[in-house]
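For reference, the chains in residue letters:
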Amino acid sequence: MRLYVCVLEARGLPVAPPHGHGGGFYARVKVGRERARTRAVEPAEPGAAAAWNEEFVFEVGAEDDVVEVGVARRRGEGTGRREVVGRVKLPVPPVQAASGASGGRRSVPPTWFTLQPKHRRKGRAAAAADCGKILLTFSLCGENNDSTVIHSSTCSSSRSDTDVEIERSTCREHSGTNSVMVDSPRTSAVAQTCLDDSDRSTQANSNTVSEDDGLMEPSAATGKSAHGSDAETSIPDASFEEAMETMKSGSSTPDMPDDLSAGTIFEHTYLVESKDLNSLLFGPDSQFSKDLRELQGTMDYDEQPWTWKSQDPPSLTRTCRYTKGGTKLMKDIKTIEEQTYLKADGKSFAIMTRVRTPEVPFGNCFEVVLLYKITQSPELASGEESTHLTVSYNLEFLQSTMMKSMIEGSVKDGLKENFESFAEILSRHVKVADSAGMDKEQLLAPLQTDHPSHIRLAYKYFCNFTMISTVIMAVYVLVHILLSRPGPLMGLEFSGLDLPDTFGELITSGILVLQMERLLNMASHFIQARIKRGGDHGVKANGDGWLVTVALLEATSLPPISCGSVDPYVVFSCNGISRSSSVQLQTQEPQWNEIMEFDAMEEPPAMLDVEVFNFDSPFDLAISLGHAEINFLKHTSTELADIWVPLEGKLAQTCQSKLHLRIFLENTRGPEASVRDYLNKMEKEVGKKLHVRSPHRNSTFQKLFSLPHEEFLIADYACSLKRKLPLQGRLFLSARIVGFYANLFGHKTKFFFLWDDIEEVEVSPPSFTTVGTPSLVFTLKSGRGLEAKNGAKSQDKEGRLKFQFHSFGSFSKASRTIIGLWKTKSSAIEQRAKLEEDQDDESYDDLDDVQSMLSIRDVNLSKEYTVEHPIDANLLMGVFDGGPLETRTMSRVGCLDYTATPWEETKPGVLERHASYKFNRYMSIFGGEVVSTQLKTLSEDGDGWTVYDVMTLHNVPFGDYFRVHLRYDIRSVASSSEPRSCRCEVLVGIEWLKSSKFQKRIARNICDKLAHRAKEVLEVAGKEITSAMSG
């Protein structure tokens, strides 16, 4: 291909300095590696035009795509020094365009181009730089075209208007020829240049040439027209993929830009190819965009088509205009987004988005810049393709403002809220590959694998200094014994008794005995731990509704206790249901890998209580190693799926203990059915119709208080918060919280507390402080809702916060709804507690057969206590008759809420009754409940009574593993003196229902504790009877 370049003239060239030696001007043309220059021409007068009218021919290929024309002048005669006045870079029409043109030739008519300085200048220097203009024309001819192209045109100043019109029509012919098929964005830019530059030629004759008519910057081609607009070509929807391929096949591929300076706002990995994710996010009329607009309440959406922007390299750009839906808290916001592709090579994509909101306060002072980077990630082990999506942002201020810090904070909060919904919608279309997006089955699958073998655990447990040193020492001593010969008897030795002969032998023997004892204890602990794992691991949930699944993985840096070892286990409590883990022996870094499920709940739970204990026995004052509360409303499902919980408490905070959990909250009935059933249930209590709120309103409510997506709004009311000064705002009611929000001249007040934390809701009569309107007073439980303390009216001596709201639009409507919801919540808690008590009673009633109770003689009982009182046996038996003596005695020994049924004769000579009570904290750190069945019979010789007491313990560790049997033998002692005395014996035994590795420890602790309690019962009863008799 041949390129004909004709340099006609230049004008407006800078004038030489007064004392300088100005030479003639000449033009230099460069195409690829080929160069040419014109003759030097001296202008007739300073500032006049320099005419050359010279033509040059160059051989061009596919890689030659730029023509550089520069103007220079000599510094003086006889010197080789020169001064570059200016230059311009022009794109060469593509080879395909010349081949497809009529006659195999593609021409550009004479056009004025603005000369740019060689070195880019900044500030005022750039604005003041005027290097003049140059008139050029060039043609590209195919190899089969032998016609010579001769440009005989003179400068534009000598042309007539007719010549201009002829050139314009010729340009239109070339433009029309290529309008059918646009080969590339560069072809489109050149075609558009023909028309626009012809207009500039006409303006040149009238000396009104615009200063912005330059087409090319010195460093890169910008393709701007005479009017300063970009040369653009609209891309149809069907050719979006073709446009991506065009950018991919570009001659130069830019590097992936760095993240913007303000930080990364979104980062996830998805199981999808990069080009498919790019099409989903930025393709024309994308379904993802529609779903996102529906969730965010976007209105009046206008999406312009993608267009080519003539740059080097060319890029795609489009503009989107829309209005974000307003609420009662904010008005509609008109937004303009300009999206531009910076990189698209088929595997990696970079899209720069500039967002302007001119109607918001100070909206003209700034614009938000977002950078979307879509990069291909390494292939996963499963063979699936993965793509990494990163969004960073920056805030560019167009004007200086004193509100800069406030604008930055508001923009950051707004972006965070928007990209939360962005992530939610995107996860519906493509599967998330990182751990934050894995489903429940994938995260729990590793925990359901088989546990390590006994040999591996034994190696890990016994491979320590104690074991190795004991074995070495024992082998050494054994070899010594085999190699030694018996010596003569010395000292106090006799046949069969060999004593140590030196202190060294004595010390060695003692060390060996202690080491062997330690080794045997370790072996015993290991064997017991492997026989029974214990805990609620593997217990499946029952029912249909809200299911809570907790995966207990591990703990780190648990605090040691006084003996240096710790046997930790964890107790979880949610909505009155408890689950406990197994006990890990002698480790401060336990690993459980256990899964616990809670039975289905009708309402979504709000809190999960976690406490780590060191196990000793059920009744010892067990040391709490740390505790924590997990609020489901303050954590997203992604955060709960893999969370490290710091433990609270003096010991835990000292060691910075943490618990690794995976928590899943799911609704088996589906969100819509669950909300509808809940509202139908509440309508019966409230007495009015409750409507399901729109998705957009629910989403706004969730974003306002940073709540998870399962929380739904029930009602909201305008009201005032009573503090020192009334604060007008809005009260929100949902399934789990009561929230308040106010915005007074930019000062925001926001808080919420749980329904479960409310102790009482009262209606207060109108008063002067409540502006003559009735009010509602919320009283929270002691120590609860402390995070909402900034909105509390007062706090009483017991630590209970009180919140007062007044000035409702319709007080009767609001109070009826609020009180109805609270009563439903409080009654649900009471019903759960009563149901648990009934279940405990029912489970025990099945064991209340008298014959099974008489099998007490089959349980080994040990005598733990014997005492003799100077009281008649019949009087002492008053402690078992259910009267005031028994009530006072049981209360003094720590039995709370003690109740007992009357004695009933079940068989001849056998009386039976039931009793229930709770242990105080001194008796058991866990509290615990006792359900007791007692049998009373007359002794065989008729001189006393025997009382059998079979106790079942609830809410204590391993309480379902055993039953405690006590026997009281009260006999009269024959005495000639008055008053008569009696002898009491207490026997204790344990009936094991399940095997446990801690049987010995539990048995020892129970016998000690209950024997001590029985002793206290008899001693307190004896003192009560003695004082009554003396009184």
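Preceding block: the structure.
First, a word on scope: everything that follows refers to the structure included in this document. These numbers were taken from a predicted model, which means no experiment stands behind them.

Some thoughts on the overall build of the protein
Thinking step 1. A tally of helices and strands in the protein yields 21 helices and 41 strands.
Thinking step 2. Carbon and sulfur atoms make up 52% of the accessible area of the protein, which amounts to about 52800 Å² in all.

Digging into the side chain of glutamate 594
Thinking step 1. With respect to the helices and strands, the residue glutamate 594 is situated in strand β21 (residues 591-601).
Thinking step 2. Only 2.3 Å separates the side chain of glutamate 594 from the side chain of serine 582, close enough to count as a polar contact.

Structural notes on the sheet that holds strand β22 (residues 607-614)
Thinking step 1. An order of β20-β19-β22-β23 is seen for the four strands of this open sheet, with the pairing classed as antiparallel. Only two strands of the sheet have a single partner each, and these edge strands are β20 (577-580) and β23 (624-631). Going from strand to strand, the sheet's axes swing by 15° on average, the running direction of each strand aside.
Thinking step 2. Both strand β19 (residues 568-574) and β22 contribute to a ladder of six bridges, which runs antiparallel. Residue pairing in the sheet places proline 568 in a bridge with asparagine 614 of β22.

So, a negative patch on the surface
Thinking step 1. A cluster of acidic residues, Glu241, Glu242, Glu245, Glu273, Asp276, Glu379 and Glu385, forms a negative patch on the protein surface.
Thinking step 2. Top element by residues in the negative patch is helix α5 (residues 240-248). It accounts for three residues.
Thinking step 3. One can find glutamate 245 in helix α5.

Structural notes on the pairing of strand β36 (residues 904-907)
Thinking step 1. Pairing geometry for β36 and strand β37 (residues 910-919), over three bridges, is antiparallel. Residue pairing for β37: glutamate 905 is matched across the bridge by leucine 911.
Thinking step 2. Between β36 and β37, which pair antiparallel one after the other, the connecting turn spans two residues, and glycine 909 there sits at a positive phi close to 85°.

Description of helix α16 (residues 695-705)
Thinking step 1. All of the buried residues along α16 are Asn698, Ser699, Phe701, Gln702, Lys703, Leu704 and Phe705.
Thinking step 2. Residues of α16 that are buried make contact with α7 (287-296), α8 (404-429), β26 (713-721), β27 (727-734), β28 (737-744) and β29 (747-754).
Thinking step 3. One or two steps after α16, the chain reaches serine 706, where phi turns positive at roughly 55°.

Brief notes about the pattern of salt bridges
Thinking step 1. Tallied over the entire structure, the rule returns 33 salt bridges.
Thinking step 2. Two residues, glutamate 629 and arginine 784, come together in a salt bridge whose shortest N-O distance is 3.0 Å. Here the residue glutamate 629 occupies a position in strand β23, and arginine 784 occupies one in the loop between β31 (775-780) and β32 (794-795), the gap between them amounting to 155 residues.
Thinking step 3. With a closest N to O distance of 2.7 Å, aspartate 796 and arginine 800 form a salt bridge.
Thinking step 4. The class of arginine 800 is buried, set by a relative accessible area of 19%.
Thinking step 5. The network of salt bridges with shared partners includes Arg693, Arg697, Asp716 and Arg730.

Points about the packing of α5 against helix α6 (residues 274-282)
Thinking step 1. At a minimum axis separation of 12 Å, α5 and α6 run at an interaxial angle of 125°. The orientation of α5 with respect to α6, classified from their angle, is oblique. The interaxial crossing formed by α5 with α6 has right-handed handedness. Residues Phe240, Glu241 and Met244 of α5 touch α6, and the partners they reach there are Asn278, Ser279 and Phe282.
Thinking step 2. Class assignment for the residues of the contact of α5 with α6 results in three nonpolar, two polar and one charged.

Digging into the nonpolar core
Thinking step 1. Core analysis: the largest hydrophobic core is formed by 50 residues, its most contacted members being Phe880, Met951, Leu953, Phe962, Val964, Leu966 and Val986.
Thinking step 2. Element by element, the count of residues in this core is highest for helix α21 (residues 999-1030), at 10 residues.

A short note on the environment of serine 637
Thinking step 1. Considering the arrangement of structural elements, one finds serine 637 in helix α13 (residues 637-640).
Thinking step 2. Judged by relative accessible area, serine 637 falls into the partly exposed class, the value being 47%.
Thinking step 3. As for serine 637 and proline 708, which are separated by 71 residues in sequence, their C-alpha atoms are 7.4 Å apart.

What about the packing of helix α20 (residues 884-892) against α21?
Each pair of packed helices can be described by the angle between their axes along with the distance between the axes.
Thinking step 1. At their nearest, the axes of α20 and α21 sit 9 Å apart, and the two run at 130° to each other. It follows from the interaxial angle that α20 and α21 lie oblique. Classified by chirality, the crossing of α21 by α20 is right-handed. Mapping the contact onto sequence places Leu885, Arg888, Thr889, Met890 and Arg892 in α20 and Arg1013, Val1017, Val1020, Ala1021, Glu1024 and Ile1025 in α21.
Thinking step 2. When its residues are assigned to classes, the contact of α20 with α21 shows six nonpolar, one polar and four charged.

Notes on the sheet that holds strand β6 (residues 82-91)
Thinking step 1. An order of β3-β2-β5-β6 is seen for the four strands of this open sheet, with the pairing classed as antiparallel. Only two strands of the sheet have a single partner each, and these edge strands are β3 (34-37) and β6. Each strand axis lies, on average, 20° off the axis of its neighbour in the sheet, ignoring direction.
Thinking step 2. Bridge count between strand β2 (residues 25-31) and β3: four bridges; the pairing is antiparallel. In the sheet register, lysine 30 faces β3, and the bridge partner there is arginine 35.

Concerning the packing of aromatic side chains
Thinking step 1. As enumerated under the stated definition, the model contains 28 aromatic pairs in all.
Thinking step 2. Through a chain of ring-to-ring contacts, three or more aromatic side chains come together here, namely Phe240, Phe266, Phe282, Phe288, Trp306, Tyr341, Tyr372, Phe419 and Phe422.
Thinking step 3. The ring of tryptophan 903 has lysine 936 lying over it, and the distance from NZ or CZ to the ring centre is 4.7 Å.
Thinking step 4. One residue, lysine 936, lies across the ring of tryptophan 945, its end atom 5.2 Å from the ring centre.

About the criteria used
Residues numbered from 1 in each chain as written. Predicted model: local features only at pLDDT ≥ 70, side-chain atom pairs only at ≥ 80, totals over all residues. Heavy atoms only, no water. Helix = DSSP H or I, 4+ residues; strand = E, 2+ residues; numbered from the N terminus. Areas by Shrake-Rupley, 256 points an atom, 1.4 Å probe, with all protein chains shown as cover. Polar contact = N/O pair within 3.5 Å; in protein donor to acceptor, adjacent residues only side chain to side chain. Pairing = 2+ DSSP bridges. Axes fitted to C-alpha atoms, helices over the stretch in contact; angles between N-to-C directions. Patch = residues over 30% accessible without salt bridge, like charges linked within 9 Å, V, L, I, M, F, W, Y side chains within 5 Å. Salt bridge = Lys/Arg side-chain N within 4 Å of Asp/Glu carboxyl O. Lys, Arg positive; Asp, Glu negative; His and termini not counted. Charge placed at Lys NZ, Arg CZ, Asp CG, Glu CD. Buried < 20%, exposed > 50% of the residue type's maximum accessible area, 1.4 Å probe, protein only. Contact = heavy atoms within 4.5 Å. Parallel < 35°, antiparallel > 145°, perpendicular 65-115°, else oblique. Left-handed = near helix turned anticlockwise from the far one by under 90°. Nonpolar A, V, L, I, M, F, W, Y, C, P; charged D, E, K, R; others polar. Core = buried A, V, L, I, M, F, W, Y, C linked by side-chain atoms within 4.5 Å. Phe/Tyr/Trp six-rings, centres within 6.5 Å; stacked < 30°, edge-to-face > 60°. Lys NZ or Arg CZ within 6 Å of the ring centre and 35° of its normal.

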